[in-house]
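Summary of the model geometry
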Amino acid sequence: MDKDKILQDLKKDILGVKRELRVENVGEVFKVGDGVAEIRGLSNVMYSEILEFEAGDKKVRGLALNLLEDSVSAIVLGDATLIKEGQVVKSTNKLLSIPVSEGLLGRVINPLGEPLDGGPAINFEKAKNYPIEKIAPGVITRESVNTPIHTGVKAIDALIPIGRGQRELIIGDRQIGKTALVVDTIINQGKDVRHKTPVCIYVAVGQKESKVAKLVQDLKKAGAMDYSIVVLTGASSGVALQFLAPYAGCAIGEYFMDQGKDALVIYDDLTKHAWAYREISLLLKRPPGREAYPGDIFYLHSRLLERAAKMSKAHGGGSLTALPIIETQLADISAYIPTNVISITDGQIYLEPELFYQGVRPALNVGLSVSRVGSAAQTKAMKKVAGRLRLELAQYRELAAFVQFGQDLDEATKRQIERGRRLTELLKQPQYQPMPFENQVASLYAAVNGFLDGVAVEEIRDFEKGFLKFLHERHSGILDKIRETADLADGLEEKLKSAAEDFSRNYFGKI
């Protein structure tokens, strides 16, 4: 073979080699333990930046949280047992984000977007990466809350209405129906024919996986998983993922909000989220404050919940509604974390243990519960019946205290107490049976206008069931009109009154 030709070919190959200079920011792990790695040698690292640990064949990700003068502390977002002292760590120049697309609907994922439901891999070809942390929309881009998000629970839709774009806290002791309330709300979204069905994101923070599996089955049975996404960190998950879960759920909601759609995100619960952040902060040697929480514990939740918004038409018109859940200890709503979150949200739904054990379910304390959006998020029909309902229940609560002393009461007071007992009974509602808006209006109209006053308390539920059946069979036009117009105008109230009189006079007790 010609030596000159070989030399020429070699020269050609050498000259054809492209030289690329690549600068990598590299450091070394010098201390690791409890899911936290301390790294030396990394410079120009951003807060909340993804770092890559080279653990043999596997690459484990970490999140930079402490940026000190001579070191960086990161929480490990994978198997922390693979991280050893002396390992190489690279910065990626990317902030932590989650891939989001329509393909997430109906799936159970972890805060990094990885499926946990045993289903096929999620197709992220057309996905967008949404940052886990994001600055909340400004005041100019928002509009006031004006559209209801019907929960299907009479007591809430009438007394503590929730609007699209609102942040409404659900607070109470453990095992008194907080999660049951939000499950009913998710199920009812698919039945609200007057409004667009929002995408529902349920974020489980540190929950038992068996409990979440049952919840997913209940949603599937009701057909609600078609428009729902579950972000799960189980009780056995590391605190790093528990800390990130609510922000991941919020980022998914923002993706749909930015498309002009409505989204509903439920954080179950933020008490465990605060515990996870406290553990991380103590491991990162941040100074502890009250109850050993770090100084920025308020900012932890405020920067999350402020991202819920109702956007103006000029900015897409989408909305993100937040329903955070807080678990209290021994009904103490004046504790540190509960008071923090109460001050951030637009109202709270307080579930009281005493009412729960008396059989009032949902165990809603009407006195301590409030919606700061108020009737702005209510339809006209509901406003007409709900105003008097709240007043009569408030009067009943005041008078009920006197009855315990057994004094002789005048007739007007007795009537007020009897009306209150019947209203309390009417507001009881079984789980997984959300009630359509028009049925709620008809039922509450009959109650506040005295049609239940002559009915025994134990027969109230039968009266309601019979009355609604009567309306559906003989006066379905009234319910259709309420659903279409969301008002009791144009003689509709007279027709409803006439139907209620007819039923209470001729039919109750014979059905």
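Residues numbered from 1 in each chain as written. Predicted model: local features only at pLDDT ≥ 70, side-chain atom pairs only at ≥ 80, totals over all residues. Heavy atoms only, no water.

Some words on the domain arrangement of the protein chain
Put simply, the rule reads: The domain boundaries here were taken from an automatic or database domain assignment. Contacts are assigned to residue pairs with any non-hydrogen atoms lying within 4.5 Å of each other. As used here, buried area is the combined drop in accessible area, with a 1.4 Å probe, of two parts when they are placed together. The term salt bridge refers to a side-chain nitrogen of Lys or Arg lying within 4 Å of a carboxyl oxygen of Asp or Glu. Polar contacts, as used here, are pairs of N or O atoms within 3.5 Å; protein pairs need one atom able to donate a hydrogen and one able to accept it. Residues neighboring in sequence count only if both atoms are side-chain atoms.
Here the domain parsing of the protein chain yields domain 1 (24-94), domain 2 (97-377) and domain 3 (380-507). Computed from C-alpha coordinates alone, the two centres of domain 2 and domain 3 are separated by 31 Å. The interface is formed by 28 residues belonging to domain 2 together with 26 residues belonging to domain 3. Interface area for domain 2 against domain 3, summed over the two sides, is near 2200 Å², with a carbon-plus-sulfur share of 58%. Looking at the side of domain 2 facing domain 3, the largest losses of area belong to Lys 154, Leu 159 and Arg 194, adding up to 31% of the total buried there. Put simply, Lys 154 and Glu 464 hold a salt bridge, and the shortest N to O gap is 2.8 Å. Where domain 2 touches domain 3, the interface holds ten residue pairs in polar contact (both at pLDDT 80 or more).

Quick word on the pattern of salt bridges
Any two side chains of opposite charge can pair, so long as their charged atoms come close to each other. This is how it is decided: Think of it this way: any DSSP run of H or I at least four residues long counts as a helix, any run of E at least two long counts as a strand, and we number them from the N terminus. Only protein chains enter the calculation, and the probe is 1.4 Å; a residue is then buried if its accessible area is under 20% of its type maximum, exposed if over 50%, and partly exposed in between.
The tally for this structure, following the rule as stated, stands at 24 salt bridges. Taking the shortest distance from any N to any O, the salt bridge between Lys 90 and Glu 54 comes out at 3.0 Å. Of this pair, Lys 90 sits in strand S6 (residues 88-95) while Glu 54 is found in strand S3 (residues 49-55), placing the two residues 36 residues apart along the sequence. Ionic pairing is found between Asp 269 and Lys 272, a salt bridge with its closest N-O pair at 3.1 Å. Residue Asp 269 shares its accessibility class with Lys 272, and that shared class is buried. Via salt bridges that share partners, Arg 167, Glu 306 and Asp 346 belong to a single interconnected network.

A word on helix H10 (residues 380-403)
In an α-helix, one turn spans 3.6 residues, which is why side chains three or four residues apart end up on the same side. Basically, it comes down to this: Between the first and last residue of a helix there are one fewer steps than residues, each counted as 1.5 Å, and that sum is the expected span. Note on bend: the value at a residue is the angle between axes fitted to the seven residues ending there and to the seven starting there.
Between the first and last C-alpha of H10 there are 35 Å, a value that for 24 residues agrees with the 34 Å anticipated at 1.5 Å per step. A bend of about 30 degrees at Ala 386 is the largest found in H10. Buried residues of H10: Ala 381, Met 382, Val 385, Ala 386, Leu 389, Glu 392, Leu 393 and Tyr 396, and no others. The elements touched by buried residues of H10 are helix H2 (154-159), helix H11 (411-426), helix H12 (437-448) and helix H14 (476-485).

Some words on the pairing of strand S2 (residues 36-40)
Put simply, the test is: Pairs of strands are assigned from DSSP output, requiring at least two bridges between the strands.
Extensive coverage of S2 is indicated by the burial of four of its five residues. Where strand S1 (residues 26-33) lies against S2, five bridges are found, and the strand directions are antiparallel. The residue of S2 that forms the bridge with Glu 28 is Arg 40. Taken together, S1 and the strand that follows it, S2, pair antiparallel across an intervening segment of two residues, in which Asp 34 is found at a positive phi of about 55 degrees. As judged from the four bridges shared by S2 and strand S5 (residues 72-76), these two strands associate in the antiparallel manner. Note that in S5 the partner of Ile 39 across the bridge is Val 72.

With respect to the packing of aromatic side chains
Our working rule: Here a Phe, Tyr or Trp ring, Trp counted by its six-membered ring, pairs with any other such ring whose centre lies within 6.5 Å, and the pair is stacked when the planes are under 30 degrees apart, edge-to-face when over 60, and tilted otherwise. Criterion for a charge above a ring: Lys NZ or Arg CZ within 6 Å of the ring centre, and within 35 degrees of the ring normal.
The tally for this structure, following the rule as stated, stands at ten aromatic pairs. An angle of 75 degrees between the planes, with centres 5.2 Å apart, marks the rings of Phe 463 and Phe 503 as edge-to-face. You can see Phe 463 sitting in helix H13 (residues 460-474) and its partner Phe 503 sitting in helix H15 (residues 492-506), a full 40 residues away along the chain. Here Phe 463 matches Phe 503 in class, with each residue buried. Here the guanidinium or amino end of Arg 278 rests over the ring plane of Tyr 293, the centre of that ring lying 4.3 Å away. One residue, Arg 361, lies across the ring of Phe 356, its end atom 4.0 Å from the ring centre.

Re the nonpolar core
Filter applied, for reference: Among buried residues, the Ala, Val, Leu, Ile, Met, Phe, Trp, Tyr and Cys ones that are joined through side-chain atoms within 4.5 Å form a nonpolar core.
One finds Ile 349, Leu 389, Phe 467, Ile 482 and Leu 496 to be the most contacted residues of the largest nonpolar core, which totals 77 residues. If you tally residues by element for this core, the top one is H12, at eight residues. Looking at this core, you find at least three residues from each of domain 2 (97-377) and domain 3 (380-507). In this structure, Ile 109, Ile 201, Val 203 and Val 239 belong to the second largest nonpolar core, which totals 63 residues.

Thoughts on unusual backbone geometry
For the bond running from Asp 268 to Asp 269, omega is -5 degrees, close enough to zero to count as cis. Positionally, Asp 269 belongs in the loop between strand S13 (262-268) and helix H6 (270-283). Note that the residue after Arg 361, namely Pro 362, is joined by a cis bond; omega there is 5 degrees. Among the structural elements, Pro 362 can be located in the loop between helix H9 (353-357) and strand S17 (370-371). Backbone geometry places Asp 34, a non-glycine residue, at a positive phi of 55 degrees. The residue Asp 34 is located in the loop between S1 and S2 in this model. Positioned with a positive phi, Glu 291 is a non-glycine residue whose angle comes to about 55 degrees. Residue position: Glu 291 is located in the loop between H6 and helix H7 (297-305).

Describing the packing of H11 against H13
The line we're drawing: Under this scheme, a helix contributes an axis fitted over its contacting stretch, all axes are lines through C-alpha atoms, and angles between N-to-C directions fall in the 0 to 180 degree range. Note: crossing handedness is left-handed where the near helix turns anticlockwise from the far helix by less than a right angle, and right-handed where it turns clockwise.
Between H11 and H13, the least distance of the axes is 9 Å, while the angle of their chain directions is 60 degrees. Crossing hand, H11 versus H13: right-handed. Of H13, the residues touching H11 (which contributes Arg 422, Glu 425 and Leu 426) are Ile 460, Arg 461 and Glu 464.

Considerations on a nonpolar patch on the surface
The cut-off we apply is this: Note on patches: the residues involved have over 30% relative accessible area and no salt bridge, like charges join within 9 Å, and the nonpolar side chains Val, Leu, Ile, Met, Phe, Trp and Tyr join within 5 Å. Reported accessibility uses the Shrake-Rupley method at a 1.4 Å probe radius. Residues are deemed covered only where the shown protein chains occlude them.
Nonpolar side chains collect at one region of the surface, where Ile 6, Leu 7, Leu 10 and Ile 14 lie side by side and expose about 380 Å² of accessible area between them. Along the chain, Leu 10 falls in helix H1 (residues 3-16). Residue Leu 10 is classed as partly exposed on the basis of its relative accessible area, which comes to 46%.

As for the UniProt feature "site: Required for activity" (unreviewed entry) in the protein chain
Quick reminder of the rule: UniProt positions are given in the numbering used here, feature names are shortened, and annotations may be inferred rather than shown by experiment.
In this numbering, the UniProt entry assigns the feature "site: Required for activity" (unreviewed entry) to Ser 369. On the secondary structure map, Ser 369 appears in the loop between H9 and S17. One polar contact links the side chain of Ser 369 to the main-chain amide nitrogen of Tyr 350, over a distance of 2.8 Å.

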